[in-house]
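Architecture at a glance
The residues making up each chain are set out below.
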Amino acid sequence: MKRLRHISLLILLLAGIVAIFPALALAQGTVRWNGDTTAWETAGNWTVVSGSPSTPPGSGDTVQIGIVAYTNQPTINSTTTISSLTFGTATAVTLTVAGGATLNVGAMTQNNAAAASTSATITGVGSISASSLSVGNKTLPTTQNTTYTTTVTSSITSLTLSGNLTLNSNTGSNSSR
């Protein structure tokens, strides 16, 4: 009887946690933009990388754009929330947020490449609200005496960062040269 009471209390506790924090109960994962069309909201524009994310991505999902080559640049036409956004180095990214739409995102990152310049452009008459933006990482150039740049250009109507803007710069030599 005592064991049954403990099990009942445990079930009630878990039900309470799920009720209070419903995002914990949702499947989360990573999706990658494949750009069959420009519409962010179209499920066919997304490839599942890991976990059980939503397509199109939802509030618990990590989003990758430009990690692999694609044809059509993404346009967000309705307000959406994602966990994080990484701009890759395979394709120069232009992310458009249409009027009346907002992208709510945790961390945004523009990675740098070891042997090429990389860029991302954020544009549109919508808005982005992010906890942070990081440009570049710790990847060292693989070619001596060559300058590569990593840029993020924004002409969006409203870009709000509630936390840090981090600009990483790397110089030095590659020991294998």
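What comes next is a walk through the structure. (Residues numbered from 1 in each chain as written. Predicted model: local features only at pLDDT ≥ 70, side-chain atom pairs only at ≥ 80, totals over all residues. Heavy atoms only, no water.)

1. Overview of the overall build of the chain
Scanning the chain from terminus to terminus reveals one helix and 12 strands. When the helices and strands of the chain are read in sequence order from the N terminus, they spell out α-β-β-β-β-β-β-β-β-β-β-β-β. A total of 177 residues make up the chain; the buried ones form 30% of that total. Sequence-distant contacts, at least 24 apart, represent 59% of the contacts inside the chain between residues at least 6 apart. (Helix = DSSP H or I, 4+ residues; strand = E, 2+ residues; numbered from the N terminus. Buried < 20%, exposed > 50% of the residue type's maximum accessible area, 1.4 Å probe, protein only. Contact = heavy atoms within 4.5 Å.)

2. Details of the packing of aromatic side chains
Overall, the coordinates contain two aromatic pairs when judged by the stated rule. On the numbers, 5.0 Å between centres and 75° between planes, the contact of tryptophan 33 with tryptophan 46 is edge-to-face. Of the two residues, tryptophan 33 is situated in strand S1 (residues 29-33) and tryptophan 46 in strand S2 (residues 46-51); the sequence distance between them amounts to 13 residues. Of the two residues, tryptophan 33 and tryptophan 46, neither departs from the other in class, the shared state being buried. Here tryptophan 40 and tryptophan 46 contribute two aromatic rings whose centre-to-centre distance is 4.8 Å and whose plane-to-plane angle is 75°, an arrangement assigned as edge-to-face. Both residues of the pair, tryptophan 40 and tryptophan 46, belong to the buried class. (Phe/Tyr/Trp six-rings, centres within 6.5 Å; stacked < 30°, edge-to-face > 60°.)

3. Structural notes on the sheet that holds strand S10 (residues 150-154)
Strand order in the open sheet formed by four strands is S4-S6-S8-S10, with parallel pairing between adjacent strands. Only two strands of the sheet have a single partner each, and these edge strands are strand S4 (75-76) and S10. (Pairing = 2+ DSSP bridges.)

4. Description of the side chain of threonine 30
Among the structural elements, threonine 30 can be located in strand S1. Setting aside its immediate chain neighbours within four residues, threonine 30 contacts Thr47, Val48, Val49, Ser50, Pro53, Thr62 and Gln64.

5. Notes on the pairing of strand S3 (residues 62-65)
Of the strand pairs in this sheet, S1 and S3 are connected by three bridges, and their pairing is parallel. From the neighbouring strand, threonine 30 faces S3, where its bridge partner is threonine 62. For S3 and strand S5 (residues 80-87), the ladder comprises four bridges, and the chain directions are parallel. Following the sheet pairing, valine 63 is matched in S5 by leucine 85.

Coordinates in, geometry out; function isn't part of it.
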